Amino acid sequence: MSIIETKVLTKTYGRIQAVRGIDLNIEKGEIFGLLGPNGAGKTTTIGMLCTIIRPTSGSASIAGYDIVKNPASVRRKVGIVFQDPTLDTVLTGYENLKLHALLYGVPANLREKRIREMLELVDLADRCNDLTRTYSGGMRRRLELARGLLHRPAALFLDEPTLGLDPQTRTRIWDYIKKMAQKEQTTVVLTTHYMEEAERVCDRVGIIDHGRIIALDAPDNLKELMGGDLVVIRAQEPPAKKIKALPYVKEVKLDKDAIEITMKDAHLHLPELLSIIPDVECVEIRVPTLSDVFIRLTGRDIREDSAEDSGSWIDSVARYRQRGN
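A. Just helix α1 (residues 42-49), in detail. When you tally the buried positions in α1, you get eight out of eight residues, the bulk of the element. Where α1 is concerned, the buried positions are K42, T43, T44, T45, I46, G47, M48 and L49. Just past α1, the residue T51 takes up positive phi, approximately 70°.

Here is the structure:
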């Protein structure tokens, strides 16, 4: 069952096409990663799905509600965790959740039970009566996740949910996200610059560049696009033509004193490969990562900055209002 559907979803700002006809179907309970460098269109896409930004053309729906015709219904069906902190730090963890429950109209007879469930889910029940300003960064992020799920949204949007957290805390946050998606059967759509985390957590990944989805599949399937293992060899004069002629070699790239080779079954063919390369200084072998796929498809690293579509969703809202749209 598709919770999120888009058909030729498009957004233009004057002569700038931020989003160019995106088609998506995201299923119930799926963790979906929307990945792209700054300026690719992911922030604008999420803004339209959350009804923050009105599309120029095309259509989209969340849990069956059209984002243009039924924006109020869509907002009741989504939860959002912004990149920037949005908790009220003069309130306790419990009070932050209760305020959210009141704003979203969670029935009074279910309110307390739901708050307790969420606090237990993110392991904050023992700190629920402490002011959130005393929470660590990881604890605040966990409370924001709980708040985003409190009203049982059909879809939860996460903007860089682990940005700025230490590696151990990032791992725990991803564990909570997976646990919440499974227990609540909530569709999760996230953006992240940590490609290795998207590779580990997401059921599917959509890579967006210049406003278009250029690849969409499970992470393992996308990695197969690389065509084999990656071997980097440092040598004084590597014979590129001889290497390219080998039947198991798919691609060869020269970079200063190193040569990068994409090849099938490197563990089987490496001895023969090395036998034709004189004066080998070092060899590195690794299986392709989602980051490698991203660079090959977009020609740039996901962390490279761009003047457009950068920053958090909150920044996007501010820019959108300034344009008068």
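B. Structural context of the sheet that holds strand β12 (residues 249-255). The sheet built from four strands is open, its strands ordered β12-β13-β11-β14 with antiparallel pairing. Looking at the sheet topology across the chains shown, the edges are occupied by β12 and β14 (280-286). On average, adjacent strands in this sheet sit at an angle of 15° to one another, irrespective of strand direction. Inspection of the sheet shows β12 paired to strand β13 (residues 258-263) by six bridges, in the antiparallel sense. Counted as the bridge partner of V249 is M263 from β13. Across the sheet, helix α10 (residues 266-275) touches β11 (229-235), β13 and β14, and the angle it forms with β11 is around 25°.

C. Summary view of the packing of aromatic side chains. Inspection of every chain in the model, using the stated rule, returns zero aromatic pairs. Positioned above the aromatic ring of Y194 is the side chain of R170, whose terminal nitrogen or guanidinium carbon lies 4.0 Å from the ring centre.

D. Main features of the sheet that holds strand β5 (residues 65-66). Taking strand neighbours across the sheet as the criterion, the four strands line up as β2-β1-β4-β5 in an open arrangement whose pairing is antiparallel. Since the sheet does not close on itself, it has two edges, and those belong to β2 (16-27) and β5, each with one partner. Two strands pair when backbone bridges link them, and strand β1 (residues 2-13) and β2 are joined in this way by eight bridges, in the antiparallel orientation. Pairing of S2 across the sheet is with E27, part of β2.

E. Representation of the environment of A266 in the model. As for its placement among the helices and strands, A266 is situated in helix α10. When its relative accessible area of 0% is taken as the criterion, A266 is described as buried. For the pair A266 and D84, spaced 182 residues apart in sequence, the C-alpha to C-alpha distance is 44 Å. The contact partners of A266, leaving out residues within four places of it in the chain, are D229, V231 and I285.

F. Just the environment of Y13, in detail. Along the polypeptide, Y13 turns up in strand β1. With a relative accessible area of 13%, Y13 lands in the buried category. It is 35 Å that separates the C-alpha atoms of Y13 and A181, two residues lying 168 residues apart in sequence.

G. Expanded view of a nonpolar patch on the surface. A contiguous nonpolar surface patch, about 300 Å² in accessible area, is contributed by L99, L103 and Y104. Along the chain, Y104 turns up in the loop between α3 (93-103) and α4 (108-121). Relative accessible area serves as the criterion here: at 34%, Y104 is assigned to the partly exposed category.

Basis of the calculations
- Residues numbered from 1 in each chain as written.
- Predicted model: local features only at pLDDT ≥ 70, side-chain atom pairs only at ≥ 80, totals over all residues.
- Heavy atoms only, no water.
- Buried < 20%, exposed > 50% of the residue type's maximum accessible area, 1.4 Å probe, protein only.
- Helix = DSSP H or I, 4+ residues; strand = E, 2+ residues; numbered from the N terminus.
- Pairing = 2+ DSSP bridges.
- Axes fitted to C-alpha atoms, helices over the stretch in contact; angles between N-to-C directions.
- Contact = heavy atoms within 4.5 Å.
- Phe/Tyr/Trp six-rings, centres within 6.5 Å; stacked < 30°, edge-to-face > 60°.
- Lys NZ or Arg CZ within 6 Å of the ring centre and 35° of its normal.
- Patch = residues over 30% accessible without salt bridge, like charges linked within 9 Å, V, L, I, M, F, W, Y side chains within 5 Å.
- Areas by Shrake-Rupley, 256 points an atom, 1.4 Å probe, with all protein chains shown as cover.
- Salt bridge = Lys/Arg side-chain N within 4 Å of Asp/Glu carboxyl O.

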